[in-house]
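# What the coordinates show
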Amino acid sequence: CLLTMFTCWALQEILERQFSMAPNIVKLSDLQRRARKKENPLQHFKINKMMSKSLDMRGRYRIQTRGTIYFIKSLYELILFIISIVVFIVDPQWFVDHFIRLYAPSSNYIPYVHISASLVGHYSWEVIANRYGRLSWSVLIHHWVTAAMACSILLGRYAPFATWYGFTLVFMDFPVFFTLGVRAQFSNKYPRFTRRAFTFS
């Protein structure tokens, strides 16, 4: 749990400090001024406003969405997916016991316990690190319910359906978070390309 939190935090610091991926803070008036110089000022302004969050009550200052969080989430979920596949291949009996035979003592499997502990650390880090992201209540509730379920697995609870839900979520999510990271980090520099990509997708 703590190792996952520390690793995610260290990666975030490295990306933001060494690779200049820290989110930019801009004045709303600067966004408007830059938009006036573009071919389609209204669309340019709208896209840049959508990809930033207000920092103050009046909305005079805006912060870019933290792309590093999405990249780290994508990397974490990719690693988790690879580890899960390796576990399923190397020890198919555990897969059969846990998901088919519904054998409760299979919840004490060491790789499974480690993955559950890392989930608690990862979601805790995300909630703390995304301090300006204003996570929606649904996302916060999902994260804390998932962390609570992972803690209960650490304490010996048998939950094959929660495990399968987590696996399918990880399987589907890591490409999504990577593209959200690209959108948050680079798309404000290329609004016309972003608009076309959104139209195409």
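A few points on the structure. (Residues numbered from 1 in each chain as written. Predicted model: local features only at pLDDT ≥ 70, side-chain atom pairs only at ≥ 80, totals over all residues. Heavy atoms only, no water.)

## Brief notes about the pattern of salt bridges
Tallying each qualifying case throughout the model produces 5 salt bridges. Linking Asp30 and Arg33 is a salt bridge whose minimum nitrogen-to-oxygen distance equals 2.9 Å. Here Arg33 and Asp30 lie together in helix α2 (residues 28-36), a separation of 3 residues that amounts to about one turn. For the salt bridge of Asp97 with Arg101, the shortest nitrogen-to-oxygen distance reads 2.5 Å. The class for Asp97 is buried, based on a relative accessible area of 12%. Accessibility expressed as a relative area gives 52% for Arg101, which makes it exposed. (Salt bridge = Lys/Arg side-chain N within 4 Å of Asp/Glu carboxyl O. Helix = DSSP H or I, 4+ residues; strand = E, 2+ residues; numbered from the N terminus. Buried < 20%, exposed > 50% of the residue type's maximum accessible area, 1.4 Å probe, protein only.)

## Description of the layout of surface pockets
When its volume is computed, the largest pocket comes out at roughly 510 Å³. Along the walls of the largest pocket sit 29 residues, with Leu119, Ala162, Thr163, Gly166 and Phe167 positioned nearest its centre. Counting only elements with at least two residues in the lining of the largest pocket, the list comes to α4 (67-90), α6 (110-129), α7 (137-154) and α8 (160-186). When its volume is computed, the second largest pocket comes out at roughly 400 Å³. Around the second largest pocket, the lining comprises 24 residues; the ones closest to its centre are Tyr70, Asn130, Leu135, Val139 and Leu180. If you tally residues by element for the lining of the second largest pocket, the top one is α8, at 6 residues. Of the residues that constitute the lining of the second largest pocket, the class distribution is 10 nonpolar, 7 polar and 7 charged. (1 Å grid on protein atoms, 1.4 Å probe; cavity = no way out; pocket = protein on both sides within 12 Å on 5 of 7 lines; lining within 4 Å. Points joined across faces, edges and corners; volume = space filled by probe spheres on them. Nonpolar A, V, L, I, M, F, W, Y, C, P; charged D, E, K, R; others polar.)

## Observations regarding the packing of aromatic side chains
For the structure on display, the rule yields 16 aromatic pairs. For the ring pair Tyr70 and Phe177, a centre distance of 6.3 Å and an interplane angle of 15° mean the geometry is stacked. Placement of the pair is Tyr70 in helix α4 and Phe177 in helix α8, with a sequence separation of 107 residues. The exposure class of Tyr70 is partly exposed, given its relative accessible area of 21%. On the accessibility criterion, Phe177 (13% relative accessible area) is buried. Geometrically, the ring pair formed by Phe95 and Phe99 is tilted, given 5.1 Å between the ring centres and 50° between the ring planes. (Phe/Tyr/Trp six-rings, centres within 6.5 Å; stacked < 30°, edge-to-face > 60°.)

## Quick notes on α8
A rise of 1.5 Å per residue sets the reference length of α8, with its 27 residues, at 39 Å; its end C-alpha atoms lie 39 Å apart and thus fit the reference within 8%. Along α8, the helix axis deviates most sharply at Asp173, where the bend reaches about 40°; the proline Pro175 sits within four residues downstream. Burial in α8 covers these residues: Pro160, Thr163, Phe167, Leu169, Val170, Asp173, Phe174, Phe177, Gly181, Ala184 and Gln185. Tucked inside the fold, the buried residues of α8 contact β3 (61-64), α4, α5 (92-100), α6 and α7. (Expected span 1.5 Å × (residues − 1). Bend = angle between axes of the 7 residues up to and from the residue. Contact = heavy atoms within 4.5 Å.)

## Overview of the environment of Val139
Within the secondary structure layout, Val139 lies in helix α7. A relative accessible area of 28% places Val139 in the partly exposed class. It is 27 Å that separates the C-alpha atoms of Val139 and Phe99, two residues lying 40 residues apart in sequence.

## A closer look at the environment of Thr7
Mapped onto the elements, Thr7 comes out in helix α1 (residues 2-18). Note on Thr7: relative accessible area 37%, which makes it partly exposed. Each C-alpha atom, one on Thr7 and one on Trp125, is 9.7 Å from the other, the two residues being 118 residues apart in sequence.

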